[in-house]
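Chain by chain, the residues run as shown.
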Amino acid sequence: MTIEFDGRVAIVTGAGGGLGKTYALELGRRGAKVVVNDLGGNPDGTGAAASPADATVAEITAAGGEAVASYDSVATPEGGAAITQTALDAFGTVDIVINNAGILRDKSFANLAVADLQAVIDVHLLGAFYVTQPAFRVMKEKGYGRLLFTSSAAGVFGNFGQTNYGAAKMGLVGLSNVLALEGAKTGIHSNVIAPIARSRLTEELLGPLASAVEPDLVMPLSLYLVSEACELTHEIFSVGGGKYSRVFIGETPGWFAGKGVTPTVEDIAEHICDIRAEEGYTVPGGANDDIRLLLKALG
Ligand code: NAI
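Basis of the calculations
- Residues numbered from 1 in each chain as written.
- Predicted model: local features only at pLDDT ≥ 70, side-chain atom pairs only at ≥ 80, totals over all residues.
- Heavy atoms only, no water.
- Core = buried A, V, L, I, M, F, W, Y, C linked by side-chain atoms within 4.5 Å.
- Buried < 20%, exposed > 50% of the residue type's maximum accessible area, 1.4 Å probe, protein only.
- Helix = DSSP H or I, 4+ residues; strand = E, 2+ residues; numbered from the N terminus.
- Contact = heavy atoms within 4.5 Å.
- Near = heavy atom within 4 Å.
- Polar contact = N/O pair within 3.5 Å; in protein donor to acceptor, adjacent residues only side chain to side chain.
- Nonpolar A, V, L, I, M, F, W, Y, C, P; charged D, E, K, R; others polar.
- Domains from an automatic or database assignment.
- Pairing = 2+ DSSP bridges.
- Axes fitted to C-alpha atoms, helices over the stretch in contact; angles between N-to-C directions.
- Right-handed = clockwise from strand over helix to strand, strands pointing away.
- Phe/Tyr/Trp six-rings, centres within 6.5 Å; stacked < 30°, edge-to-face > 60°.
- Lys NZ or Arg CZ within 6 Å of the ring centre and 35° of its normal.

1. A word on the nonpolar core
Then step 1. Among the nonpolar cores identified, the biggest contains 38 residues, and Ile11, Val94, Val97, Leu147 and Phe149 are the most heavily contacted of them.
Then step 2. Those elements that provide at least two residues to this core are β1 (9-13), α3 (77-91), α4 (114-142), β5 (145-150), α5 (153-158), α6 (163-183) and β6 (188-196).
Then step 3. Sort the elements by how many residues they give to this core and α4 lands first, with eleven residues.
Then step 4. Beyond its immediate chain neighbours, meaning those up to four positions away, Val97 contacts Ile11, Val131, Thr132, Ala135, Met139, Arg146, Leu147 and Leu148.
Then step 5. Listed in part, the 32 residues of the second largest apolar core include Ala53, Ile98, Leu221 and Val239.

Structural data, given as C-alpha cells:
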C-alpha cells in the first residue's frame, strides 16, 4: 500500500523547524501542496522571523514539491483566518490541517505568572481553534478533511512545572474529540498525537535520550493519520523513538449503588476499589456512550 497526497492541500503550523518541518517536507515529497506556517519566534513565543518558514518552503520546492510560506501567528483569530486564506489563495482549497505550532513557558504552579499562562493557552489551545475553524468550514463544504492536533504526555498524563502547557494540551484532546463527532457525517477525521522528539523545545530536557528520538520517527504516524487511507478518527496516539501506541480514555464498569439508593460517604469509601477496578473497562466513543452506560446500570 502506498500513501500518496497528490492534489491534497495541507496546512502545517509551526513547520519552520522541529516536528512540523518533517511533516511539511514529507507531505511535499508525497505530492501535497503545503502551506508552511511559522511565526519564526523564540521557544518562549517572543520574536518573529520569516526565515524558518522560507527555508522549509525552499527545501520542498527544491525537491520538486509545491509549497507556500505563511508567517502568521496562530495565536490570534486574524492569524488563524489568514492561514486558511493563504491555502485558498495559493491552492484553492484545504484538505489537511496539522496543528503543531508550540511554545513553552514552564513554571511551577506557585510561580506561574498570568502572562505565561496566557501565552501558552493562546498558542496551543486557542491557536488550534483559530486555525482549524476556518479550514473546518471549507472541509465541511467539500465533504472531506483530516485534522491532527499535537497534545503532549505533559497534559495527558501530567508533568511537573507544566500546568499551563498541560492544560492547553489536554484541551486539544477535548477539541479533537468533539470535532471527530461533528465532522463524522462530512468525512472529516480528527486525531491527536502526544509526541516525544528531539527539538529546540526538548533538547535539554531529554539529555542522552535526545539522539534516540529524532522527529523523523514521529512523522510516519502523523502522515498516516492525515492520509485518505486512514479511517481512524477520535483517537490519541503516543509516538516517539520508533514506538507507536494508542492512548485512550476508558471507563471502569464501576459500582452501582442501586436504583433509587443515595449512598452515604461511607458507602463510597467501602466500594472505592470496585469503583476503580480496571477489569472490563470500556472506551466511550462520545458523551452519549457514557449516558448509555448509565442507562444500562439503571436497567
Ligand atoms: P519547535 O520549537 O521546533 O517547533 C515549534 C514551531 O512552532 C517553531 O518553529 C515555532 O516558531 C512555531 N511557533 C511557535 N509559536 C507560533 C505561533 N504563534 N504561530 C505560528 N508558529 C509558531 O518544537 P517541536 O518540539 O517540534 O514542537 C512541535 C509541537 O509538538 C509543539 O506543539 C509541542 O508542544 C509539541 N510537543 C513536542 C514534544 C517533543 O518532545 N518535541 C513533546 C510533546 C509535544
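2. Side note on the site of the ligand
Then step 1. What surrounds the ligand is a group of 30 residues, the closest being Asp38, Asn100, Tyr165, Ala197 and Ser199.
Then step 2. One of the backbone N or O atoms of Asn100 is found 2.8 Å from an oxygen atom in the ligand.
Then step 3. A distance of 3.5 Å separates an oxygen atom of the ligand from a polar atom in the backbone of Ala101.
Then step 4. Sorting the residues of the shell around the ligand by element identifies α1 (18-29), α4, α6 and β6 as the ones contributing at least two each.
Then step 5. Of the residues assigned to the shell around the ligand, the class counts are eleven nonpolar, 15 polar and four charged.

3. Observations concerning the domain arrangement of the chain
Then step 1. Each assigned domain of the chain is listed with its residue range as follows: domain 1 (9-247) and domain 2 (250-299).
Then step 2. The C-alpha-based centres of domain 1 and domain 2 are spaced at 36 Å.

4. As for the sheet that holds strand β4 (residues 96-99)
Then step 1. The strand order β3-β2-β1-β4-β5-β6-β7-β8 describes an open sheet built from eight strands, whose pairing is mixed. Pairing within the sheet leaves two strands with one partner each, and these edge strands are β3 (66-70) and β8 (243-247). Looking at each pair of strands side by side, their axes are set apart by 20° on average, direction ignored.
Then step 2. The sheet contact formed by β1 and strand β2 (residues 33-37) spans five bridges and is parallel. Bridge pairing links Val9 to Lys33 in β2.
Then step 3. The sheet contacts of helix α2 (residues 51-62) involve β2 and β3, and relative to β3 the element is tilted by about 175°.
Then step 4. Packing of α6 onto the sheet brings it into contact with β5, β6 and β7 (235-240), and relative to β6 it is tilted by some 160°.

5. Here we look at the pairing of β3
Then step 1. Two elements, β2 and β3, share five bridges in a ladder whose sense is parallel. Across the sheet, Val36 pairs through a bridge with Ala69, a residue of β3.
Then step 2. Handedness of the crossover is the feature at issue here: the chain leaves β2, passes through α2, returns alongside β3, and the resulting connection is right-handed.

6. A few points about the packing of aromatic side chains
Then step 1. Per the counting criterion, the structure on display carries one aromatic pair.
Then step 2. Ring geometry for Phe248 and Tyr281: centres 5.5 Å apart, planes at 25°, overall stacked. Taken together, the positions of Phe248 in the loop between β8 and α9 (265-276) and Tyr281 in the loop between α9 and α10 (287-298) put the pair 33 residues apart, joining distant regions of the chain.
Then step 3. Overall, the relative accessible area of 36% leaves Phe248 in the partly exposed class.
Then step 4. Sitting over the face of the ring of Tyr144, Arg8 holds its NZ or CZ atom 3.7 Å from the ring centroid.

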